[in-house]
Amino acid sequence: MPQLRSAVLAGGGTGGHIYPLLAYADCLRRHDPGIRITCLGTEKGLENELIPKAGYELRNVPAHQLPRKVNVDLLLTAPRMLKAMKATRAILDEVQADVVVGFGGYVAVPAYLAAWRRKTPMVIFEFNDPPGVANKLALKFSDNLALGFPHLPQTSPLLADGTITGVPLRPAISRLDRAARRAEACARFGLDPNRPVLFVYGGSQGANSINQAVSGAAHALTHRGIQVLHIIGARREEPVHVPDGLPVAYRTLPYLNEMELGYAAADMVMGRGGSMTVAEVTALGLPTVFVPMPWGNKEQYRTAGPVVAAGGAIFCDDENLNPSWIEANLVPLITDRARLAAMAQASAGFGRRDGDEALRQFTLKAVNV
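This report concerns the structure included in the present document. (Residues numbered from 1 in each chain as written. Predicted model: local features only at pLDDT ≥ 70, side-chain atom pairs only at ≥ 80, totals over all residues. Heavy atoms only, no water.)

Moving on, we get to the overall build of the chain. Looking only at helices and strands, the chain has 15 helices and 13 strands in total. At 21 Å, the chain has a C-alpha radius of gyration in line with the 21 Å of a compact globule built from 369 residues. Dimensions along the principal axes, computed over C-alpha positions, put the chain at roughly 65 × 50 × 35 Å. Nonlocal contacts in the chain, meaning residues at least 24 apart in sequence, comprise 66% of its contacts between residues at least 6 apart. (Helix = DSSP H or I, 4+ residues; strand = E, 2+ residues; numbered from the N terminus. Rg over C-alpha atoms; globule rule 2.2 N^0.38 Å. Contact = heavy atoms within 4.5 Å.)

Next comes the structure, spelled out in structure tokens:
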């Protein structure tokens, strides 16, 4: 099967769009160091921080978020979109793109439209329920739909014919041998590898409700021998106070680049229920307490729900999360080795580690049909 010479990857705005894009880009380059990879973004997105740092070319286009209501912005959408599509088409021509792979976010809309007008094969990657506006639009032009989770075809008629590829994950995570690296990881954070470790994080900006509940339960956790590795977020809303003189380690960090070490140290995870978190913890078979975001369309409940139903995780509603809940529910769970082992097995049964490779194979088939 012929190799790709030039791939344009579109996805930006949030880490949920960018991290799988970067993992996929790494996979393409691993197979062919000479491939040209061009990433599309906007001037305001997180991609400006993450993509160049990862060593990939980023080209910003004047994309705009599609309005969800009939208003003045809707009247401006057509000329804005035409401008963005022309700019994107020029990039596709310049780099002689063989394929456009979209990971969602409004920057993907002009990429899909430009690919359609140019007759360039396009691949749509979706791992959210419900699918995003950009990918819904793309499905009008292409049926090359790759899905991140096995339950998604049952959630919407739009996704019913998609191919399950799994979520592209960084090799540092997808190839992680947790048992082999536990001692190293615990040494890095000053933890005892012979005691249970709760790994807590709420995304790059932190989650204040999680921060306050877990730090408030510091005595209850540590007096049962449970160590805590707590990523509080670089942009946390309120200070996180951890008491002095705790009997075992409670470590806080504002941010952790090497998430694989946090996972290697962990016996259990507590975090939100975003798609990347679900993909990572299930790929690694980690028991998890999901605390979905309390606002929006309850997307995180639907994403993490199948893992909970399978027995690999439990939910705690954000409004119910407090130190008392942790003492009554999490402490007995993380100290029950038999139940943790059963949860780990169930979690691993839902996850997969080859999403990057599977998406590459799917893309090659789409291009060479």
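So much for the structure itself; the text now carries on.
Of all 11 residues that make up helix 4 (residues 108-118), 8 are buried, and the element is covered over most of its length. Taken together, the buried positions of helix 4 are occupied by Ala 108, Val 109, Pro 110, Ala 111, Tyr 112, Leu 113, Ala 114 and Ala 115. Phi turns positive, to about 65 degrees, at Lys 119, one or two residues after helix 4. (Buried < 20%, exposed > 50% of the residue type's maximum accessible area, 1.4 Å probe, protein only.)

The geometry of helix 11 (residues 275-283) relative to helix 14 (residues 337-350) is characterised by a closest axis approach of 7 Å and an angle of 120 degrees between their N-to-C directions. Both helix 11 and helix 14 take part in a crossing whose hand is left-handed. For the pair formed by helix 11 and helix 14, the contact residues are Val 278, Val 281 and Thr 282 on the first element and Ser 347, Ala 348 and Phe 350 on the second. Of the residues belonging to the contact of helix 11 with helix 14, the class tally is 4 nonpolar, 2 polar and no charged. (Axes fitted to C-alpha atoms, helices over the stretch in contact; angles between N-to-C directions. Left-handed = near helix turned anticlockwise from the far one by under 90°. Nonpolar A, V, L, I, M, F, W, Y, C, P; charged D, E, K, R; others polar.)

This part takes up the nonpolar core. By size, the foremost hydrophobic cluster in this structure holds 90 residues, and its most contacted members are Leu 9, Phe 199 and Tyr 263. The leading source of residues in this core is helix 4, at 7 residues. Setting aside anything within four residues of it in sequence, one finds Tyr 263 in contact with Ile 173, Leu 176, Arg 178, Phe 199, Tyr 201, Val 269, Glu 280, Val 281, Leu 284 and Leu 286. Judged by nonpolar contacts, the second largest core, of 31 residues, contains Leu 198, Ala 207, Met 268 and Val 289. (Core = buried A, V, L, I, M, F, W, Y, C linked by side-chain atoms within 4.5 Å.)

Quick look at the side chain of Ser 275 now. Looking at the secondary structure, you find Ser 275 in helix 11. If we ignore the near neighbours within four places in the chain, the residues touching Ser 275 are Phe 127, Asn 128, Phe 149 and Thr 303.

Next up on the list: the pattern of salt bridges. One pass over the full model with this rule turns up 16 salt bridges. A salt bridge links Glu 94 to Arg 59; the nearest nitrogen and oxygen atoms lie 2.9 Å apart. With Glu 94 in helix 3 (residues 72-95) and Arg 59 in strand 3 (residues 57-60), the pair connects residues that are 35 residues apart, well separated along the chain. Residue classification places Arg 59 among the partly exposed positions, given a relative accessible area of 21%. Among the charged side chains, a salt-bridge network with shared partners connects Arg 36, Glu 57, Arg 59 and Glu 94. (Salt bridge = Lys/Arg side-chain N within 4 Å of Asp/Glu carboxyl O.)

The next point concerns the environment of Lys 298. Looking at the secondary structure, you find Lys 298 in the loop between strand 12 (288-290) and helix 12 (299-310). Given a relative accessible area of 39%, Lys 298 falls into the partly exposed group. For the pair Lys 298 and Lys 44, spaced 254 residues apart in sequence, the C-alpha to C-alpha distance is 26 Å.

What follows is about the pairing of strand 9 (residues 227-231). Summarising burial for strand 9: 5 of the 5 residues are buried, a large majority. Where strand 8 (residues 197-201) and strand 9 come together, 5 bridges link them in parallel fashion. Note on strand 9: the bridge partner recorded for Leu 198 is Val 228. Across 4 bridges, the pairing between strand 9 and strand 10 (residues 250-253) is parallel. Directly across from His 230, in strand 10, lies its bridge partner Thr 252. (Pairing = 2+ DSSP bridges.)

Here we have 7 strands laid out as an open sheet, ordered 3-2-1-4-5-6-7, and parallel in their pairing. The open sheet is flanked by strand 3 and strand 7 (163-164), the only strands paired with a single partner. One ladder, built from 4 bridges, connects strand 2 (residues 36-41) with strand 3; its direction is parallel. If you follow Gly 41 over to strand 3, its bridge partner there is Asn 60. On top of the sheet, helix 1 (residues 15-31) reaches strand 1 (6-10), strand 2, strand 4 (99-102) and strand 5 (122-126); it is set at about 170 degrees to strand 1, its chief contact. Across the face of the sheet, helix 4 comes into contact with strand 1, strand 2, strand 4 and strand 5 while running at roughly 150 degrees to strand 5.

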